[in-house]
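Here is what each chain is made of, one letter per residue.
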Amino acid sequence: MQKINYVLAIETSCDDTSVAIVKEGGWVEALTSASQDTSHAPFGGIVPEIACRNHSINLLPMIEKVLVETKMTWDKIDGIAVTNRPGLIGSLIVGLVTAKTLSQVQQKPYIAINHLEGHLLAPFLKDEKFSPPNDFKYPYVALAISGGHTTIYDIQDFGKYKILGSTLDDAAGEAFDKFGKMLGLGFPGGVKVDKYAQRGDPSKYQFPRSMIKEENLMMSFSGLKSSAQRLVDNLSDEQIREQLFDLCASFQEAICDVLIAKLDRAVQHTSYSRAIITGGVSANSRLRVRAEEWAKKRGITLVIPPIRYCTDNAAMIGYAGLIRLSRGERSSIELGPSPSPYESDFVE
Ligand code: KG4
Ligand code: ZN
């Protein structure tokens, strides 16, 4: 079987364009990501048409950039990994067609990757500043929290991911963004809510913690959103300005309480001693502190990869691709994009 040393990876599933070169063992040789937040901000959310247009402008120069940065030529690259699911179809098409074309032109194998698998394996990435603890290995519990997903997984082994529970409605990131919008903080609001919350009192307002006491791993954030909307509707603009820090801190605390409670339940349910938190919302500073405290108290090895590997990025796609290509897996040139994961992506 062909030895796979270096993989060039492409991620364009949503609104971030990202390209990486990943070396055997999970070493990130180069990673470049272009956020499109400023293009979508005027519309208050992601506009799919704008996302794929930007991907098609950004992608080729970014591929050139990682090759130049690493001083690598195509003869050193052993394969290509690309996200083909789940995501916005137009966005996925840009990455997938580019990967297939490069695969044909450069005569390199390519592999299509489930974006969620990338997030779940992010703790195995390594660079000069980050590497997981030496004893970090399968199995572990993963809490994946982003703008589109809030799911808890049992990561049994490579390729064996079981969904233990997820949100019934809004994703945690979506809740942060909607709350940010209500307060007039722009899009995406998560980072700003986090920033203002640092100066507020988390116990000032009592927001609902839906399903927190239920003995399952399901979550719900739509009640929190409605409750916040009712509260904000009853406040004047001046009151919102005065109360901004406390509002953000109280809202954020409700989300953190639910996420930590469910993570704790998942660890008890599986009896695992390792857990990870991944996805854009794991950048939240309060959640990081709360999760570290929880892990220490419980004696859990917790890995929250650095933000560059938690938000959408091509390095995590490269890592999954490297292992799959090394195992001899190849994707067919006829394969298309899919808005949702495949049933076979998860075990029962
Ligand atoms: O994983 P990601 O970059 O993209 C996907 O949604 O796939 O996650 C983006 C989400 C957005 O909802 C954003 O508001 C949220 O992550 N986010 C945060 C923070 N940074 C990003 N939410 C709360 N606190 C943050 N510091
Ligand atoms: Zn993602």
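Our subject is the structure listed above.
Residues numbered from 1 in each chain as written. Chains lettered and ligands numbered in written order. Predicted model: local features only at pLDDT ≥ 70, side-chain atom pairs only at ≥ 80, totals over all residues. Heavy atoms only, no water.

## Overview of the pairing of strand E3 (residues 27–34)
Across 7 bridges, the pairing between strand E2 (residues 17–23) and E3 is antiparallel. Paired with Ile21 across the strands is Ala30, a residue of E3. Counted along the chain from E2 to the antiparallel partner E3, the turn is 3 residues long, and its residue Gly25 has a positive phi close to 95 degrees. (Pairing = 2+ DSSP bridges. Helix = DSSP H or I, 4+ residues; strand = E, 2+ residues; numbered from the N terminus.)

## Notes on the nonpolar core
Phe179, Leu183, Phe221, Phe251, Ile255, Ile277 and Trp294 are the most contacted members of the largest nonpolar core, which has 50 residues in total. The element best represented in this core is helix H8 (residues 237–270), accounting for 15 residues. Counting 38 residues, the second largest nonpolar core, distinct from the first, contains Val28, Leu116, Ala320 and Leu322. (Core = buried A, V, L, I, M, F, W, Y, C linked by side-chain atoms within 4.5 Å. Buried < 20%, exposed > 50% of the residue type's maximum accessible area, 1.4 Å probe, protein only.)

## Overview of the packing of aromatic side chains
Considering all chains together, one arrives at 13 aromatic pairs under this definition. Each ring, one from Tyr196 and one from Phe245, has its centre 5.9 Å from the other, and the planes form 25 degrees; the classification is stacked. Residue Tyr196 is found in helix H6 (residues 190–197), and its partner Phe245 is found in helix H8; the two are separated by 49 residues along the sequence. Among the residues examined, Phe245 registers a relative accessible area of 26% and is labelled partly exposed. Here the aromatic cluster, defined as three or more aromatic residues joined through ring pairs, consists of Phe124, Phe136, Tyr138, Tyr140 and Tyr319. Taking NZ or CZ as reference, Arg308 lies 4.9 Å from the ring centre of Tyr309, over its face. (Phe/Tyr/Trp six-rings, centres within 6.5 Å; stacked < 30°, edge-to-face > 60°. Lys NZ or Arg CZ within 6 Å of the ring centre and 35° of its normal.)

Bear in mind that shape data such as this cannot, by itself, settle questions of function.
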